[in-house]
Amino acid sequence: MTQRAKIDTDGVEGTTAEPPVVHRVAGLTSAEVAERVARGEVNDVPVRSSRSTADIVRGNVFTRFNAIIGVLWVIMLCVAPIQDSLFGFVIVANTGIGIIQELRAKKTLDGLAVIGEAKPTVRRDGVTAAVSTSEIVLGDLIELGPGDKAVVDGEVAEADNLEIDESLLTGEADPVVKKPGDPVMSGSFVVAGGGAFTATKVGREAYAAQLAEEASRFTLVHSELRSGISTILKYVTWMMIPTALGLVISQLVVKDTDLKDSVARTVGGIVPMIPEGLVLLTSVAFAIGVIRLGRKQCLVQELPAIEGLARVDVVCLDKTGTLTEGGMDVTELRPLGGADEAYVRKVLGAFGESDPRPNASLQAVIDAYPDAEEWRCTQALPFSSARKYSGAAFSEGGGESSAWLLGAPDVLLAADDPALADIDHLNEQGLRVLLLARTTRDLDAPDVAREARPTALVVLEQRLRPDAADTLAYFADQDVAAKVISGDNAVSVGAVAQKLGLPGAAHTVDARRLPAEREEMAKVLDEGAVFGRVTPQQKRDMVGALQSRGHTVAMTGDGVNDVLALKDADIGVSMGSGSEATRAVAQIVLLNNSFATLPSVVAEGRRVIGNITRVATLFLTKTVYSVLLAVLVVCSQVEYPFLPRHLTLLSTLTIGVPAFFLALAPNKERARPHFVKRVMRYAVPGGIVAAAATFTTYLLARSHYAGPGALDAETSAATLTLFLVSMWVLAIIARPYTWWRLCLVAAMGGCFLLVLVVPWLQDFFALKLVGVTMPWTAVAVAATGAAVLEFAWRWVDRRFPA
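Everything numeric in this text was worked out from a predicted model, so none of it was measured. (Residues numbered from 1 in each chain as written. Predicted model: local features only at pLDDT ≥ 70, side-chain atom pairs only at ≥ 80, totals over all residues. Heavy atoms only, no water.)

A. Geometry of the packing of aromatic side chains. In this structure the tally under the stated criterion is 11 aromatic pairs. Ring geometry for tyrosine 474 and phenylalanine 475: centres 5.8 Å apart, planes at 70°, overall edge-to-face. Each of the two residues, tyrosine 474 as well as phenylalanine 475, counts as buried. For the ring pair phenylalanine 764 and phenylalanine 765, a centre distance of 5.1 Å and an interplane angle of 80° mean the geometry is edge-to-face. Residue classification places phenylalanine 764 among the partly exposed residues on the basis of a relative accessible area of 26%. Through successive ring pairs, a cluster of aromatic residues spans Tyr343, Phe351, Trp375, Phe394 and Trp404. (Phe/Tyr/Trp six-rings, centres within 6.5 Å; stacked < 30°, edge-to-face > 60°. Buried < 20%, exposed > 50% of the residue type's maximum accessible area, 1.4 Å probe, protein only.)

Written out as structure tokens, the structure reads:
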């Protein structure tokens, strides 16, 4: 039933005492809608969760390093055999793989976004229907209820105790009571009551359209991982430019050698300095993560959320809808003070008329007690999270009238009321209890609950999610602290949490006694695990308090009262069946409404972050040793030892192929900060050892070999040393060993051995070990380098712990 709202002088919402006169607006006609569509007055803001196809291709092809390598590739195609141009074909293949994977991720994201898209209810020709956001036209009449988000700007046409939260736009935390004629801004959402508004601005003209479009875009670049890689690449570029120039001058001017050979060896020195595969592999790892989560009905609205959730060490859970299923059942009705049970049942049945969009508790009451047809609702006070109760006034049909409140007993009753003892006993069993109380005051009075007479207790049983216990156990096993934050009674919430095996659930905290100071609040939050009677603003304050202690906080929720906390948390997770407002601000939406999906998201994030940190060490070790080898060559005034084909072979076997498999492997290690520091502390000593060992072998080979084929023999010996040291770097990175990791390392070694023993491969890669002394010397130098590498990395672990 639609009520007409009013505001009293104290700003407290209520309704008129007499039955309201309802003027239902029919909305636009089909002909008017068609006219507006023809004129282009449609809400055509593109809402997408990923980059366009053109952006994906452009982003993967037109990169700084692809431009450098492309120029070098063209040069090599002109001056050297095809085998020295293999690095170019590898880049083309890798870029193609990156594009394909990202397009697959786009398809997954866009498909899930359509599934998870909220459809506003529009009234046309007097009939309501859910339509896509993009189908709304100027002048449409859009209905609103608790949790609905205004998707366009408009003006209120109907209001039934309508309260709208505009905090996401204005920063003002208090809900604004709206009446007919008041403006509605897109991006705001309903916290109580209902109504309808007429669209006055659609498309890009709407107040929040630009914000909404920007928020829904592909935001892969904003993450510690990506920014860390960008920082590394910036320094690599600055190192590479002077080193490459020195190498060019050294090989083309100082050494009087064949021009084509000099060009080939110069390019061979420049190409491996570029860690081009690292950026590609990161994009591919994220893209595959999105696809994997998509298969589990998890919509990642912002890709860095995968990484962010991997860094989470505290997850705040709302009990209702997360640990428990949305529905409830009335298990018992206890009249108080000699109240007549049949009469109480009539009161509860009539309550169904007071709220056209009942919450789960009221819906359970409606299901249990049929409506008394002779009773008529004359006033209504909608439930709000701040009040913890709702109210209704009835005309009982025989000239009698009454006003009632239904809500939290510990809010409606005095602290010393004897009925609270029974309620505590029920709460300890994990049951939810509502108090029905009769009030003699007007529902719009600010002290409507004062001196209300307790009439009955309504006992509700919540349905536990069957997978909640296993999910909480997963978080405990992964050292992620779970905090249950609920608006319900603390004892009741604690009982539910205890049934699910949450550590610390026995010691519950009533949020009404939480200290207001952030530092003190943070201390209580660190010590406790279950918090009841939490207001929406307190949820937000609790997230901030935990963050002030250095915690990375994830917040889950599905109700309107969770929106502000979801927005402020590092990662917001919403249920697919939750309110439109929560889905709009959350980075991750669980479309299957299963809390059990969350461990998959955490695991996926840890896999991506942990593995990229591993393989980044491989790529940057190559960059370090390539730069150092070039510097040593310039300073020693000798020929650069390698042709591009040699380093293409080494990069493929010690970095490219292994990195792809390692990047996609399972990894449960919690992501840690300081990505750049953690990667470089291994890459620098690894690169130094590899360069020193390789150059030592090269100098020894130069003094050992003489004659026409000396340079090829020297190159082969140096290549052997560099391959063996690089393989040892790979062997360290692959730890801890599993059967497939050992097979991977062994397979790479076997491929290199194949090149050394198959004649046509020897010719193709210009690798032929000459004699016995120098090859074994190369092996001995590599073994020494491997030993130094083990010592260096262990010393780094002790000296510079991550």
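B. Expanded view of a nonpolar patch on the surface. Residues Val57, Val61 and Phe62 make up a contiguous nonpolar surface patch of roughly 270 Å² in combined accessible area. Examined against the element boundaries, valine 61 turns out to sit in helix α2 (residues 53–61). Since its relative accessible area comes to 33%, valine 61 is described here as partly exposed. (Patch = residues over 30% accessible without salt bridge, like charges linked within 9 Å, V, L, I, M, F, W, Y side chains within 5 Å. Areas by Shrake-Rupley, 256 points an atom, 1.4 Å probe, with all protein chains shown as cover. Salt bridge = Lys/Arg side-chain N within 4 Å of Asp/Glu carboxyl O. Helix = DSSP H or I, 4+ residues; strand = E, 2+ residues; numbered from the N terminus.)

C. Summary view of the side chain of threonine 613. Locating threonine 613 in the fold gives a position in helix α21 (residues 598–636). A relative accessible area of 11% means that threonine 613 is categorised as buried. Residue contacts for threonine 613: discarding those within four places in its chain leaves Phe675, Arg678 and Val679. (Contact = heavy atoms within 4.5 Å.)

D. Up close: the pattern of salt bridges. What the rule picks out here adds up to 23 salt bridges. The salt bridge partner of glutamate 332 is arginine 334, with a shortest N-O separation of 2.7 Å. Judged by relative accessible area, glutamate 332 falls into the partly exposed class, the value being 31%. Among the ionic pairs, aspartate 410 bridges to arginine 512, the shortest N-O distance being 3.0 Å. Here the residue aspartate 410 occupies a position in helix α13 (residues 409–412), and arginine 512 occupies one in the loop between β19 (508–510) and α17 (518–527), the gap between them amounting to 102 residues. A relative accessible area of 18% means that aspartate 410 is categorised as buried. Accessibility expressed as a relative area gives 43% for arginine 512, which makes it partly exposed. Here the salt bridges share partners, and the residues they tie into one network are Asp410, Asp510, Arg512 and Arg533.

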